[in-house]
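Descriptive structure summary
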Amino acid sequence: MKTYNSRQFVLRFLILIAILLGSMHSKCEDFVLRRKAIVYNFSKNEYKAANQNWAITQNAQGELFFGNTFGLLHYDGYNWRMHKLKDQMAIRSVFADNDGKIYIGGHEEFGYWQYNNIGELLYHSVSSTLPSSHYFKNEDIWSITKIDGKIYFRSFARIYVLNNDKITVIDPNNSIFTFHEIKGVPYIFLMNKGFHRITNDFLLEKDFALAEFDNFNVTSTIEIGDSLIIATDKKGLYLKVRQTISKWNCEANQLLKDLQINQVLYHSRQIVVGTISDGVYIFSEQGKLISHYNKSNGLQNNTVLKMLFDSNHKLWIALDKGIDLIDLEQAVDLYEDETGTLGSVYSSAVFNKRLYLGTNHGIFSTPWPPNTKNKLPIHYHTNTKGQCWNIYNSGNQLLFGHNDGTFSTGQPELEKVSPISGGAGMTINPSNGLLYQCTYIGIAIYQKNPKGLWVFHKMLQNTSSPLKFLEFDYEGNLWASHLYKHLFRYKLNTTGDTIINTDVFGKQQGFFSNYDINVFKIDKRIVFTNNGQLFTYDDISKKIIPYRSYEKQLEDYARARLIYELPNQEYWFAKNSGFRGFRQDNDSLISIGNIQYSNLKQSAVDLFENISKLESNQYLLGLEDGFCICNIAASKGNEKQLMHLKIRSAQAFGPKGDVQALHINNQHKVSVPHNHNNLKIELSAPGIYSNSVKFYYSIDQKGNWKTVNSNILELNNLNWGSYNISLKAIDEHSNMVAFNNYSFRINRPLMLHPLIIIVYFIIAGLLIVAFRRITNIRIKQQKLIYLKKLKQQNEAQIIKMNNQLLQSKVADKSKELASYTMLLKRKNEVLTELKYEIEQLELSKTKSNLLTKAKAIKIINSNLSDKNDLEAFNLHFNEGYDNFIVKLKQKHPEITPNDMRLCAFLRMNLATKEIAVLLNLSPRSVEVKRYRLRKKLGLATEDNLTNYLMEF
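Residues numbered from 1 in each chain as written. Predicted model: local features only at pLDDT ≥ 70, side-chain atom pairs only at ≥ 80, totals over all residues. Heavy atoms only, no water.

With an unreviewed UniProt entry as reference, the protein is termed HTH luxR-type domain-containing protein, source organism Carboxylicivirga mesophila.

Next up, the structure:
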């Protein structure tokens, strides 16, 4: 129930929209639709200068220069620039010479601008070289002409001739109205005195053959074959054929009789007249009006100050208010619905010598081909009021899918053949030959009546969704695009009137989005568009996959939303910016044309861009307000135009943001410091009049083109070396291509300069030699140090061994001394004890006993103080204590042998009692000796005697 209600809501919503659109055209009768010019307007808000533009010129590179009230206005096809004279002087005249100089004339000033090597326009005054005695008569230079290598500057008072850097002044003492070139001869027209030739000697000669114009004001002269057309400001056009002069009897003079003519040009067998009050008239060579442009049909202003045909045959118009451009050769007929009667065109087709237009106001038609392109009589089929969505050409009839049903040709007026509203896309089922049509409520089926005309048959069963596109695949499945969401694949029964299975496809099945999925056919293959990508159905994997077969050939149009299949295997791909057509050729697509809405200054109804083929090379595009007819063959012929790719400037940036301007002329070898390896190159495309050009570059010379951002190419962090940057410009409107290249060299860093590298090698060689020498010296030194160290180690080892041996010997001697001392001590103890015992014996005091006792005591005493024992002790002591006695004697020569012996015992760290035994003294006597010894040695009270002796 919810699904049914939603469908009913969508149906009612669409019907309401169609009713509202149709109601905008409450009453419509037959009317005339006029062909309108496509005029490109450039206002002062765009070019950033004054309204008034006095003159136009174009240089060999396609750049345009305008004399503007504020200065020299410059247009390079991409940007507008203003170059000012001193005091912001107005520039009244400009002329671009082939040598690159842009001559200008202003108030009491004339000279030229010229590019320097870095792309800057610099001004050089010529008038300043006049003699100081020369004075101007309040003069403005109003025209500049080059004839036979001489530059003629015209003011109202004088002619200044620049020849080989020398200025000649011609002063006729009469007001000079205009300057002319007739058959290669310079002429001036003097007010009330007529035409005068300027001779090779810069003299003036009256031309009496043209004396008839003495009292006129001649503005222009043009040569057509042997004829000379002379334009006067208010008396119209005159014709001079050989020697006969007459007022030109033609339509042009009838139209211009009340107008003031300012300039006349002759181009491509057309006479172009610029007027002061009514814009531009275009006449044939016979003087018949071709077209007329003024403020009512496109110009910004009716006052034409100057005109110029550029190198691509486009007419530039300098106006009193702005600058306009008209492409007179543009193969487009624009029919703009200015009154809103026709409405927006959604579909079109030619049938039985009539052009039918399906619009949001109904169905209209006009005889085709027309009797005249300038005016189309439009007939309104009054019974078709409302929205017409689609026109289907079956060969013998047209079917019009309409909000109120489907209409058909076949009668004087269109008749309704189906009541089902919202008819859109149609396709024939190859299985049963029936015609299927999308509608608001499902799919309508048509069959042929006995007359072979399609009539409504029935609705396809089991669907009621609003649909917009239908296609059958080779298996007989019907693919249908929902008006908003999802894609359906219907499997039909054998009779083709009932759906027996429905598959729904969306984002989950491989599309980018569930919305706006459109189905078409390319070479019998089902393809889909969704969110700027082509898809197809893979029968093997049973999945939706990107379709990339023609991606490279389609380029940007691989992102097209709509695809129209037209006769002769043509496929036109539509985006909101325009169309591009291709012809099927075996397995490839060949581009046959490109139509951009911006070129037409128009747009189509969004999401309903449409195109139809009228004749072999003629196509009709439906627009929001009318339609246009494009001749692709003529358009392709016009593509052979001139577009230049110019390098405007090149700059190199250093690490601190410092800028170095580079030469832009490839004749100069451009060298860039290595630390300025960030380049910015500004590009332009003279010959193009809109920002429709895209720039590309290749740095690897392998054809790998990369897009330039806007018109500024930035190359950062370039390595040193030589570069040759290939540049390419492509105009999206005309498909014109231009190439250029820019060569430069990033210098080697100073440290990598060949001479520096040689120096590096020399230094490296010297360093290697020095290193080897130093290394050899160090090796020798290290060897000597090692040998010395080894010797020292050996000597130390020997000393150590000797010390160890000596210490061993000393230890042995010490042991011997200790043993000897102990033995000596023991001996003295025994002798002392023996002496004591003898002295204690109570013998008879006979002489014999007394003598014997005394003798025994004497023997004992002599052994207690045996000199040999002392010498033996000294010998052992010196050997064990490293000549202690010798050292002590050297420091204290005053000490006695007994002192020496006491010192030795103290050095051996013997106790007082032990010393007393060895010396055969009492301990008290030893203490006294110690005291005296301290005095001799000069020790203080707090000094330890034993510690002092230990130091020896």
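1. Digging into the packing of helix α12 (residues 912–919) against helix α13 (residues 923–937)
At their nearest, the axes of α12 and α13 sit 8 Å apart, and the two run at 100 degrees to each other. By the angle between their axes, α12 is roughly perpendicular relative to α13. Residue-level inspection shows T912, K913, I915 and A916 of α12 in contact with α13, the latter providing P923, V926, E927 and R930. Tallied by class, residues from the contact of α12 with α13 come to four nonpolar, one polar and three charged. (Axes fitted to C-alpha atoms, helices over the stretch in contact; angles between N-to-C directions. Helix = DSSP H or I, 4+ residues; strand = E, 2+ residues; numbered from the N terminus. Parallel < 35°, antiparallel > 145°, perpendicular 65-115°, else oblique. Contact = heavy atoms within 4.5 Å. Nonpolar A, V, L, I, M, F, W, Y, C, P; charged D, E, K, R; others polar.)

2. As for the environment of M82
Positionally, M82 belongs in strand β6 (residues 80–83). Considering only alpha carbons, one finds M82 and G71, eleven residues apart in sequence, at a separation of 6.6 Å. Residues contacting M82, with those up to four places away along its chain left out, are A49, N68, F70, G71, L72 and L73.

3. Overview of the UniProt feature "transmembrane region" (unreviewed entry) in the protein
According to UniProt, the "transmembrane region" (unreviewed entry) feature falls on residues 750–771. The straight-line gap between the two end C-alpha atoms of residues 750–771 is 26 Å; of that span, 82% is helix and 0% is strand. (UniProt positions renumbered as here; feature names shortened; annotations may be inferred.)

4. Details of the packing of aromatic side chains
Counted according to the given criterion, the structure contains 51 aromatic pairs. Members of the aromatic cluster, each reached through a chain of ring pairs, are W479, F505, F511, F512, F528, F535 and Y537. Here the basic side chain of R92 rests over the ring of W54, its NZ or CZ set 4.6 Å away from the ring centre. The ring of Y135 has R158 lying over it, and the distance from NZ or CZ to the ring centre is 5.4 Å. (Phe/Tyr/Trp six-rings, centres within 6.5 Å; stacked < 30°, edge-to-face > 60°. Lys NZ or Arg CZ within 6 Å of the ring centre and 35° of its normal.)

5. Describing the pairing of strand β1 (residues 31–36)
For a regular strand, the rule is simple: side chains alternate between the two faces of the sheet. Relative to strand β34 (residues 375–381), β1 runs antiparallel, the two being bridged by four bridges. Bridged to V32 within β34 is P377. The sheet contact formed by β1 and strand β30 (residues 332–336) spans two bridges and is antiparallel. The partner of R35 across the bridge, within β30, is Y335. (Pairing = 2+ DSSP bridges.)

6. Here's the deal with α12
Listed as buried for α12 are T912, I915, A916, L918 and L919. Angular distribution of buried residues about the axis of α12 spans 165 degrees; they occupy a single face of the element. (Buried < 20%, exposed > 50% of the residue type's maximum accessible area, 1.4 Å probe, protein only. Arc of directions from axis to C-beta.)

7. A few points about the side chain of N530
Tracing the backbone through its elements, the reader meets N530 in strand β48 (residues 525–530). Leaving out residues up to four positions away in the same chain, N530 has contacts with F511, F512, S513, Y515, D516, I517 and F535.

8. Thoughts on helix α10 (residues 884–891)
Among all positions of α10, only F884, I885 and L888 are buried. Along the axis of α10, the buried residues cluster in a sector spanning 90 degrees; they form a single face.

9. Things to note about the sheet that holds strand β42 (residues 454–459)
Pairing within the open sheet is antiparallel, and its four strands lie in the order β39-β40-β41-β42. Pairing within the sheet leaves two strands with one partner each, and these edge strands are β39 (426–428) and β42. Between one strand axis and the next, the sheet turns through 30 degrees on average, direction left out of account. Two strands pair when backbone bridges link them, and strand β41 (residues 442–448) and β42 are joined in this way by five bridges, in the antiparallel orientation. The residue bridging K448 from the neighbouring strand is W454, located in β42.

10. Describing empty space enclosed by the protein
Throughout the structure, instances matching the rule amount to three cavities of 30 Å³ or more. Of the volumes computed, that of the second largest cavity is approximately 50 Å³. For the second largest cavity, the full set of lining residues is Q58, G62, L64, Y75, G77, D310, K314, W316, P686, G687, I688 and Y689. Of the residues contributing to the lining of the second largest cavity, the split by class is six nonpolar, four polar and two charged. (1 Å grid on protein atoms, 1.4 Å probe; cavity = no way out; pocket = protein on both sides within 12 Å on 5 of 7 lines; lining within 4 Å. Points joined across faces, edges and corners; volume = space filled by probe spheres on them.)

11. Description of the sheet that holds strand β21 (residues 237–241)
Strand order in the open sheet formed by four strands is β19-β20-β21-β22, with antiparallel pairing between adjacent strands. Here the strands that pair on one side only, and so sit at the sheet edges, are β19 (218–224) and β22 (244–247). Direction aside, neighbouring strands of the sheet carry axes that sit 20 degrees apart on average. Two strands pair when backbone bridges link them, and β19 and strand β20 (residues 227–232) are joined in this way by six bridges, in the antiparallel orientation.

12. Some thoughts on the nonpolar core
Looking at soluble globular proteins, one finds that nonpolar side chains tend to be buried together. Within the largest apolar cluster, 51 residues are counted, with the highest numbers of intra-cluster contacts made by F42, F66, W316, W572 and F573. Counting residues per element, this core draws most heavily on strand β52 (residues 570–575), which supplies four residues. Ignoring sequence-local partners within four residues, the contact set of F573 consists of I522, L554, Y557, A560, L562, I563, G578, F579, R580, F582 and L589. Formed by 31 residues, the second largest nonpolar core is a distinct cluster that contains L679, L715, M736 and A738. (Core = buried A, V, L, I, M, F, W, Y, C linked by side-chain atoms within 4.5 Å.)

13. Focus on unusual backbone geometry
Geometrically, the link from W368 to P369 is a cis peptide bond, its omega value of 0 degrees lying close to zero. At K183, a position not held by glycine, the phi torsion is positive, near 55 degrees. Residue position: K183 is located in the loop between β15 (176–182) and β16 (185–190). On the accessibility criterion, K183 (59% relative accessible area) is exposed. Its identity as a non-glycine residue notwithstanding, N192 has a phi of 70 degrees, on the positive side. Accessibility expressed as a relative area gives 58% for N192, which makes it exposed.

14. Regarding the pairing of strand β10 (residues 121–125)
For strand β9 (residues 109–115) and β10, the ladder comprises five bridges, and the chain directions are antiparallel. Looking at the pairing, Q114 lines up with L122 of β10.

15. Regarding a nonpolar patch on the surface
Together, W720, M751, L752 and Y760 make up an exposed nonpolar region whose accessible area comes to about 390 Å². With respect to the helices and strands, the residue W720 is situated in the loop between β64 (712–715) and β65 (721–731). A relative accessible area of 38% places W720 in the partly exposed class. (Patch = residues over 30% accessible without salt bridge, like charges linked within 9 Å, V, L, I, M, F, W, Y side chains within 5 Å. Areas by Shrake-Rupley, 256 points an atom, 1.4 Å probe, with all protein chains shown as cover. Salt bridge = Lys/Arg side-chain N within 4 Å of Asp/Glu carboxyl O.)

16. What about the side chain of D76?
Relative to the helices and strands, D76 is located in the loop between β5 (71–75) and β6. Residue classification places D76 among the buried residues on the basis of a relative accessible area of 1%. Among the polar contacts made by the side chain of D76, one reaches the main-chain amide nitrogen of Y78 at a distance of 2.8 Å. When near neighbours in sequence (up to four residues on either side) are disregarded, D76 contacts E63, R81, R648, S684, A685 and P686. (Polar contact = N/O pair within 3.5 Å; in protein donor to acceptor, adjacent residues only side chain to side chain.)

17. Re the pattern of salt bridges
Tallying each qualifying case throughout the model produces 31 salt bridges. Note that D76 is salt-bridged to R648, the shortest N-O span being 3.5 Å. Of this pair, D76 sits in the loop between β5 and β6 while R648 is found in strand β58 (residues 646–653), placing the two residues 572 residues apart along the sequence. R648 matches D76 in its accessibility class, with the two residues each being buried. Across the pair D214 and K206 runs a salt bridge whose closest N-O atoms are separated by 2.6 Å. The class of D214 is buried, set by a relative accessible area of 17%.

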